[in-house]
Amino acid sequence: MSKAGNILIQNIYYMLSYAFRFLKDSHYQNLGDEPFDHMDDLLAALITRGINRQIKRGIYKTYKVQKEEAPHLKGKLIVRDSMMLQLRNKKRLALEIDELSENNLLNRIIKSTLVFLANQKRLRSDIRNNIQKTLFHLDGIETVDLKKLKRRHFQVNRNHQEYFMLIALCFMVVDRLIISENHKGYFTRGLKDDQTLPILFEKFVLEYYRFHYPQISVKAAHVSWDISEGPENLLPRMESDITLKYQDKTLIIDTKFYQNIFAKSQYDEGKSKLHSNNLYQIFSYVQNADTLNDGSVSGLLLYAKTNEIISPNADFKIKGNMIATRSIDLNTKFLNIENQLNEIVNRYLFRQKFF
């Protein structure tokens, strides 16, 4: 069932379901039971189903300025152009009119992504047919070059919040242009860093704890410098990926999604070491957050497991604080992933027994 270094595609669906609560809606839930052979199948099915619901509800539209000539005033008068029309004895006014249009950037990204997916040869035939039917309803929308697409902050009204999820799924497709799949039913990290999967992994862990542990304070918290002198505004801002607080205990988690968890030692080529920057970062978070210096704050580097033989699972007590490293195996049944995440909370937050 498993193959080290890969991620079961079904698990990516579950991770997405936590990261985007919309996927827990009955409109999407049965997709989790489908036997997707490729990542393209999963993403295409999710995006198609999502945009079809938006089409039924009323596709997202934005105001677009249109210039036209009319005999009566409506919209905004263009004075100069209107005077030129009068000089030519045309009894018309030059106007700028705001009209609602579905041909906006969000819809262009979604349509372009569906067009790209429909052209993938290994896409499941029924999913390709659904895309073609959907594209018929998007005929008035232009396409964009996905390879030149830049991430930006998008704003939509409350009635179209689901678009945030659809655009995130589209960016997963865009990122897939530079990474590879090589085994049926599995997703493999490519040689280049993928921008979406590390974010998804972080968001999944955050939302998992937020959903299953309401008694715990779960957030991506700012860590203040424990500074006694000097201008704090000159110091870099410290933002934790995930901070869990329960009673008087705090666990700061920094998620990592690398192709290689370990770095080769420059002094001994036969030995592997954890990346020093990761340890320095989590240690800095813990030391500054533990203002009482009582060891109540712990830190955890949480890696997505790779195909490396050595496991990064270890506990260290440094200057009175627990600093731990753990890996989550995403190439297993989701129940096992849940058990791994639950064990972390039980060991490092609830029990706090290490040595």
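Residue indices begin from 1 for each chain and proceed along its sequence in written order. In view of the model being predicted, local features appear only for residues whose pLDDT reaches at least 70, and side-chain atom pairs are presented and counted only at 80 or more, with totals across whole chains, interfaces and linings using the full set of residues. Hydrogens are left out, water is left out, and the side-chain values use all remaining heavy atoms of the structure.

1. Side note on the sheet that holds strand 14 (residues 314-318)
Two strands make a pair as long as DSSP finds a minimum of two bridges between them. Only DSSP runs of H or I reaching four residues or more are called helices, and only runs of E reaching two or more are called strands; each is numbered from the N terminus. On the basis of which strands lie adjacent, the open sheet formed by six strands has the order 6-9-10-13-15-14 and mixed pairing. Edge positions in the sheet fall to strand 6 (217-219) and strand 14, since each has one partner strand and no second. Averaged over neighbouring strand pairs, the angle between their axes works out to 20 degrees when direction is ignored. Sheet analysis places strand 13 (residues 297-304) next to strand 15 (residues 321-328), joined by six bridges and oriented parallel. The convention used is that axes are lines fitted to C-alpha atoms, helices contributing only their stretch in contact, and that angles between N-to-C directions extend from 0 to 180 degrees.

2. A word on the pairing of strand 9 (residues 242-246)
In this sheet, strand 9 lies alongside strand 6 in antiparallel orientation, the contact comprising three bridges. Looking at strand 9, one finds that Ser217 is bridged to Lys245. Alignment of strand 9 against strand 10 (residues 249-256), held across five bridges, turns out to be antiparallel. Note that in strand 10 the partner of Thr243 across the bridge is Ile252. Taking the residues that link successive antiparallel strands as the turn, the strand 9-strand 10 hairpin has two residues, and the phi of Gln247 there is positive, at about 55 degrees.

3. Describing the packing of helix 7 (residues 162-175) against helix 8 (residues 196-212)
Following both chains from N to C, one finds helix 7 and helix 8 inclined at 140 degrees, their axes separated by 9 Å at the closest point. For the element pair helix 7 / helix 8, the angle class is oblique. Residues Phe171, Met172 and Asp175 of helix 7 pack against Thr196, Leu197 and Leu200 of helix 8. Gly is put with the polar residues, along with every residue not named as nonpolar or charged; the nonpolar set is Ala, Val, Leu, Ile, Met, Phe, Trp, Tyr, Cys and Pro, and the charged set is Asp, Glu, Lys and Arg. In the contact of helix 7 with helix 8, the residues fall into four nonpolar, one polar and one charged. Convention used here: angles under 35 degrees read as roughly parallel, angles over 145 as roughly antiparallel, angles from 65 to 115 as roughly perpendicular, and any remaining angle as oblique. Residues count as neighbours in contact if any of their non-hydrogen atoms are within 4.5 Å of one another.

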